[in-house]
Amino acid sequence: MAKHKIAVIGIGKIAQDQHLPVIDKSPDFELAACVSTRGLGHGGVPVFKTPAELYKAMPDVQLVAMCTPPNVRHAMVREAIDAGKDVLLEKPPTTTITEFEDLVSYGEKKGALLFQTWHSRYNAAVEAARLILKDEGVAELRIDWRESVRKWHPNQDWVWEPGGYGVCDPGINAMSIFTEIMPYPVFVEKAVLRVPANRQTPVDVDIVFKSTAKHKPRLTAGFNWLEETGEIWTIAVETRKGTKLKLEKGGTVLKVDGQTTVANPSEEYEAIYERFAKLLKKRKSEMDGTPLRLMGDVFFLGARETVEPFTW
Ligand code: NAP
């Protein structure tokens, strides 16, 4: 079967690190064009300054991957739907839940296929952990997501603007795993958002969750964006049967009672494009807003503290 022609919109870090190289080697997709305000391209394909120029010049390109920051995504996805395209959306999907829900209903109305990616879920270790928790329940769970903003978002000032999420940008990856592996619904009970005096979004966040479980498991998270030496992306769980699980390295490694049971090299984006090919075959959208809703509640309920200014 012929490969699907796809255009990538927003040729920034994640497009260059993952989308473009993964499409290059994909058996299902072929890069047809790039849309870049800076005129960046890849592999000699046509480059357009705006999506509208792409849609006009290459109407046969049916698919787009939206790799822009989230604050422009709602308008851009609507524009793509109006142009008759199917859309893969980077995380986090939009800046508000209302925008996300609008995309879901607008996509349905217009017959567009939309695929909200949560890249951290695409790991065998996450599925293995989910199955253990389904069987054994959760007594206690702790999320620690500590990384360097300077390393992962170098000079990206949008992360500090309203709607840029701050440390909740990587933190939503933890939320995407958490909501995938928990055997019952979880809610935010309280949170603290620490915001640099010269910025608009948090650099450090603590969260206490509650759940529908009668035994009241202790569920907590800490996100920090100034970790320069000991980055960790870990979810540690003690099950109700006493088993100790540790999802490490962003969900790529699972340790059970200290023994590594799953340790796959991260191929999240390969798995995302495989999933997109399957959804296209079935003509089925996949739009899970659960991690976004939970993160929205952190901003709803979070107490705000001002901390020292942040400079790159
Ligand atoms: P980035 O390096 O800033 O890239 C985003 C790109 O989008 C920009 O380079 C720019 O590309 C385009 N863009 C920016 N503002 C725009 C606007 N107002 N209108 C149209 N295009 C605009 O950011 P990123 O790190 O790649 O992150 C993009 C998304 O991927 C975010 O939602 C992020 O959460 C997600 N993500 C990032 C990582 C990571 O490691 N950084 C990992 C996973 C997911 P052009 O100059 O080509 O137009």
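Cut-off values and rules
Residues numbered from 1 in each chain as written. Predicted model: local features only at pLDDT ≥ 70, side-chain atom pairs only at ≥ 80, totals over all residues. Heavy atoms only, no water. Pairing = 2+ DSSP bridges. Helix = DSSP H or I, 4+ residues; strand = E, 2+ residues; numbered from the N terminus. Axes fitted to C-alpha atoms, helices over the stretch in contact; angles between N-to-C directions. Contact = heavy atoms within 4.5 Å. Buried < 20%, exposed > 50% of the residue type's maximum accessible area, 1.4 Å probe, protein only. Right-handed = clockwise from strand over helix to strand, strands pointing away. Expected span 1.5 Å × (residues − 1). Arc of directions from axis to C-beta. Domains from an automatic or database assignment. Buried area = accessible area lost by both parts, 1.4 Å probe. Salt bridge = Lys/Arg side-chain N within 4 Å of Asp/Glu carboxyl O. Polar contact = N/O pair within 3.5 Å; in protein donor to acceptor, adjacent residues only side chain to side chain. Near = heavy atom within 4 Å. Areas by Shrake-Rupley, 256 points an atom, 1.4 Å probe, with all protein chains shown as cover. 1 Å grid on protein atoms, 1.4 Å probe; cavity = no way out; pocket = protein on both sides within 12 Å on 5 of 7 lines; lining within 4 Å. Sits in = over half its atoms within 2 Å of the grid points.

## A short note on the sheet that holds strand β10 (residues 218-224)
Sheets are built from strands that pair by backbone hydrogen bonding, the pairs being arranged parallel or antiparallel. If you walk across this open sheet you meet the 9 strands as β14-β13-β12-β11-β7-β10-β9-β8-β15, and the pairing is mixed. At either end of the open sheet lies a strand with only one pairing partner, and these are β14 (259-263) and β15 (303-307). Neighbour to neighbour, the strand axes of the sheet diverge by 15 degrees on average, direction disregarded. In terms of strand pairing, strand β12 (residues 244-248) meets strand β13 (residues 253-256) through 4 bridges, oriented antiparallel. Within β13, the position partnered with Lys-246 by the bridge is Lys-255. Set on the sheet, helix α7 (residues 168-181) makes contact with β7 (140-146), β8 (186-196), β9 (204-211), β10, β11 (232-238) and β12; between it and β7 the angle comes to about 155 degrees. The strands touched by helix α9 (residues 290-301) are β8, β9, β10 and β15; relative to β8, the strand with the most contacts, the crossing angle is about 60 degrees.

## Observations regarding the pairing of strand β2 (residues 29-35)
A large share of β2 lies buried, amounting to 6 of its 7 residues. The pairing of strand β1 (residues 4-9) with β2 spans 6 bridges and is classified as parallel. Considered in β2, the bridge of His-4 is made with Phe-29. In this region the chain leaves β1, passes through helix α1 (residues 13-24) and returns to the parallel neighbour β2; the handedness of that crossover is right-handed.

## Topic: unusual backbone geometry
Note that the residue after Lys-91, namely Pro-92, is joined by a cis bond; omega there is -20 degrees. With respect to the secondary-structure elements, Pro-92 resides in the loop between β5 (86-89) and α4 (97-110). Unlike most non-glycine residues, Lys-216 shows phi in positive territory, near 50 degrees. Topologically, Lys-216 is positioned in the loop between β9 and β10. Classification of Lys-216 as exposed rests on a relative accessible area of 70%. One non-glycine residue with positive phi stands out, namely Lys-249, at about 50 degrees. Tracing the backbone through its elements, the reader meets Lys-249 in the loop between β12 and β13.

## A word on α4
Taking 1.5 Å of rise per residue, the 14 residues of α4 would be expected to cover 20 Å, and the 20 Å separating its terminal C-alpha atoms lies within 8% of that figure. Residues of α4 that are buried include every one of Glu-99, Phe-100, Leu-103, Tyr-106 and Gly-107, and no others. Viewed end-on, α4 has its buried residues packed into an arc of 130 degrees, placing them on one side of the element. Residues Thr-98, Glu-108 and Lys-109 are exposed on α4 and point more than 90 degrees away from its buried face. Just downstream of α4 lies Gly-111, where phi reads positive at about 75 degrees.

## Section: the domain arrangement of the protein chain
On domain assignment, one finds that the protein chain holds domain 1 (4-116) and domain 2 (120-267 + 296-307). On a C-alpha basis, the centroid separation for the pair domain 1 and domain 2 is 27 Å. The partner domain 2 presents 12 residues to the 9 residues of domain 1 that form the contact. Surface buried jointly by domain 1 and domain 2 totals about 820 Å² across both partners, of which 65% is contributed by carbon and sulfur atoms. Of all residues in domain 1, the largest losses of buried area upon contact with domain 2 belong to Lys-13, Lys-91 and Pro-92, amounting jointly to 50% of the total for that side. Where domain 1 packs against domain 2, one counts 1 salt bridge. Residues Lys-91 and Asp-169 are paired through a salt bridge, measuring 3.3 Å at the closest nitrogen-oxygen approach. Inspection of the region where domain 1 meets domain 2 yields 2 residue pairs in polar contact (both at pLDDT 80 or more).

## Looking at the site of the ligand
Among the 25 residues in the neighbourhood of the ligand, the closest are listed as Ser-36, Thr-37, Arg-38, Lys-91 and Asp-169. Residue Lys-13 places a main-chain N or O atom 2.8 Å away from an oxygen atom belonging to the ligand. Lys-91 has a polar backbone atom sitting 2.8 Å from an oxygen atom of the ligand. For the ligand, whose unbound accessible area comes to 870 Å², protein coverage reaches 83%. Judged by the proximity of its atoms to the pocket grid, the ligand belongs to the largest pocket. Going through the elements one at a time, α1 and α3 (73-82) are the ones with two or more residues in the shell around the ligand.

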